[in-house]
Amino acid sequence: MSVLFSPYKIGPLELKNRIVISPMCQYSAVDGFANNWHLVHLGARAVGGAALIIQEATAVVPEGRISYADLGLWKDEHTVKLKEIVDFVHSQGSKMGVQLAHAGRKASCDLPWKGGHPIDPNSENGWQTVGPSAVPFKEGHPVPAELSKTEIKSIIDAFATAAIRAKNTGYDLVEIHGAHGYLIHEFFSPLSNHRTDEYGGSFENRIRFLVETVIAVRKAVGENYPVIVRISANDWTEGGWTVEDSVALSIELEKLGVSMIDVSSGGNVLARIPLEPGYQVPFAEQIKKAVSIPVGAVGLITTPQQAEQILIDGKADFILIARESLRDPHFPLHAAKVLGDDIDWPNQYVRAK
């Protein structure tokens, strides 16, 4: 059997293969509520054979949404449809995770197919954004309100409460979103965090918000429930967050009981990123050398051979795919055939095997 289709664990959670579907925002919710689009979108990836499907960035407070059409987990009522989705994913032999998120200064935006521009906080579907400092994402964007320490504690509590809802709904793990220029990433990057209190300045202070969030979430869900973290390993900008910072952060996260590091990059500031196949894999490789917990690689990984080679070379333990999964929801089934592995297909699809 290929490495890609060998089983592996994230904490106590055993996965049937190494293919994970990355969180991908669908911008299709109303007031945070999931609907049949989410059921079909996420369910199709389970039918397609992925071991773990991670639900899109799901806001822990209404103001934490990227857009007014994002999913939420800030109230119990959200869990009814989500449980239906989780149960279906489980019925297909896959595991289900949810990415808990707060968009920070990149919140309150319109839908991508409507331009994705920031929405005025005083207009319909818009609200006041927040951040570690009153520094906008880029020129012309709204200035976020600097969070007080009381407000920081409230958001940390919201992450923990959402994690409890996720566990009670049946999700197999939660992922804390610390990447792509959203709130947690804004705190640990010096390009967006200009604070002078205990949440700014030194490396230890800038990672404090994430550290306290991990501690709160871990306490809420218990020791035997997997908590993973997605980070942006590099700001791709001079004076910003670096891969060396990410290595140091990952070491601390392992000490706190994090079960896996999901390694992406960029998103906090406008930057020139050299896009090429597997362009973020070297970051995962560097972090993997420093920790003993699993590490996931993501970023223009589009072929079974490429994914397999990353694992053979020991650069990562899991392969996360996003856009390739949008193009081909059944990527794992097709990848197994390419790599010569005989895996189970849904009974309804066996005639096409």
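About the cut-offs
- Residues numbered from 1 in each chain as written.
- Predicted model: local features only at pLDDT ≥ 70, side-chain atom pairs only at ≥ 80, totals over all residues.
- Heavy atoms only, no water.
- Helix = DSSP H or I, 4+ residues; strand = E, 2+ residues; numbered from the N terminus.
- Buried < 20%, exposed > 50% of the residue type's maximum accessible area, 1.4 Å probe, protein only.
- Contact = heavy atoms within 4.5 Å.
- Axes fitted to C-alpha atoms, helices over the stretch in contact; angles between N-to-C directions.
- Parallel < 35°, antiparallel > 145°, perpendicular 65-115°, else oblique.
- Left-handed = near helix turned anticlockwise from the far one by under 90°.
- Nonpolar A, V, L, I, M, F, W, Y, C, P; charged D, E, K, R; others polar.

Visitor: Please explain the side chain of His41 as it appears in this structure.
Guide: With respect to the helices and strands, the residue His41 is situated in helix α1 (residues 36–47). Under the relative-accessibility criterion, His41 is labelled buried at 8%. Setting aside its immediate chain neighbours within four residues, His41 contacts Met24, Gln26 and Leu326.

Visitor: Which parts of the structure should I look at to understand unusual backbone geometry?
Guide: Phi is mostly negative for residues that are not glycine, and the peptide bonds are mostly trans. In the Ramachandran plot, Asp31 falls in the positive-phi region, its phi being about 55° despite a non-glycine side chain. Tracing the backbone through its elements, the reader meets Asp31 in the loop between β3 (19–21) and α1. The class for Asp31 is partly exposed, based on a relative accessible area of 36%. You will see that His180, though not glycine, has its phi angle at about 60°, which is positive. By the secondary structure assignment, His180 is in the loop between β8 (173–178) and α4 (183–188).

Visitor: Mind showing me how you'd approach the packing of helix α7 (residues 243–255) against helix α8 (residues 281–288) here?
Guide: Packed helices, taken two at a time, are described by the angle their axes make and the gap between the axes. Where α7 meets α8, the axes come as close as 9 Å, and the angle between the chain directions of the two elements is 40°. The orientation of α7 with respect to α8, classified from their angle, is oblique. Crossing angle aside, the handedness with which α7 passes α8 is right-handed. Facing Val243, Ser246, Val247 and Ser250 of α7, the residues of α8 in contact are Phe283, Gln286 and Ile287. Counted by class, the contact of α7 with α8 contains four nonpolar, three polar and no charged residues.

Visitor: What's the story with the environment of Val291 in this structure? I'm lost.
Guide: Looking at where Val291 falls in the secondary structure, it is placed in the loop between α8 and β11 (295–298). Sequence-wise, Val291 and Ala248 are 43 residues apart; in three dimensions their C-alpha atoms are separated by 9.7 Å. Val291 has contacts with Ser250, Ile251 and Glu254, leaving out every residue within four places of it along the chain.

Shape descriptors only; they carry no functional weight alone.
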